[in-house]
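# Structure assessment
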Amino acid sequence: MIRKDRIRLWSNPNVAPRVYFRWATPADADKEYLGWLKDPEVLRWLSFPSHRIVDLRGYIRSQINKGSAVAFFIIQVRVLIRHPASWDTPNPGRDQRIGTLKLVKEKNGTATLGLILGRGRGCGFGPEAISLACQFAKDCWGIKQVECGIHAENTRSIRAFEKAGFTIRPHH
């Protein structure tokens, strides 16, 4: 069982030297996060129907309330990484939030993984976050297999999961 009050941050520089996770809270539901969900590149693959902060906060609360079977993280990039000039950095000199990651412990002993990168796409953060999530599933839950569902046309996600060591199998 995960004690969320005991684990504040999840990090493993050997697996993901540039990113780490922190638990999502309703306070994370803000204009920036909502903007990620409205981004056409993200929206194309997403099933989150609402575009209101209050609904996003409710969603985060619902994930938190699922207890130890769900890990809902904010993906952070360490400050020592030189951020692309195109980033509108709200907190210069501080670690930056770049996305969310949800890991669900399934009853069959596997875990299901999904992530959204709101910024930093194409910088290699996706595979690092995926690898770190797999390490979390193994270390905290004893999970040996992590799965994800990706649309066949979502080539960026497919590449990120392949770089993290996943094998892509067609869904029947």
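Presented here is an overview of the structure given in this document.

Quick notes on the rules
- Residues numbered from 1 in each chain as written.
- Predicted model: local features only at pLDDT ≥ 70, side-chain atom pairs only at ≥ 80, totals over all residues.
- Heavy atoms only, no water.
- Phe/Tyr/Trp six-rings, centres within 6.5 Å; stacked < 30°, edge-to-face > 60°.
- Buried < 20%, exposed > 50% of the residue type's maximum accessible area, 1.4 Å probe, protein only.
- Salt bridge = Lys/Arg side-chain N within 4 Å of Asp/Glu carboxyl O.
- Helix = DSSP H or I, 4+ residues; strand = E, 2+ residues; numbered from the N terminus.

## Looking at the packing of aromatic side chains
- Scanning the entire structure with this criterion turns up eight aromatic pairs.
- Ring geometry for phenylalanine 161 versus phenylalanine 166: centroids 5.0 Å apart, planes at 85°, classification edge-to-face. A single burial state applies to phenylalanine 161 and to phenylalanine 166, both of which are buried.
- Three or more aromatic residues joined by ring pairs make a cluster, and in this case those are Phe21, Trp23, Phe73, Phe136 and Trp141.

## Focus: the pattern of salt bridges
- Throughout the structure, instances matching the rule amount to eight salt bridges.
- Put simply, glutamate 128 and arginine 18 hold a salt bridge, and the shortest N to O gap is 2.6 Å. Separated by 110 residues along the polypeptide, glutamate 128 in helix α4 (residues 125-141) and arginine 18 in the loop between β1 (9-10) and β2 (19-23) bring together distant segments of the chain.
- Taking relative accessible area as the criterion, glutamate 128 reaches 11% and is therefore assigned buried.
- Among the charged side chains, a network of salt bridges with common partners joins Arg22, Asp28, Asp30, Glu32, Arg97 and Arg119.

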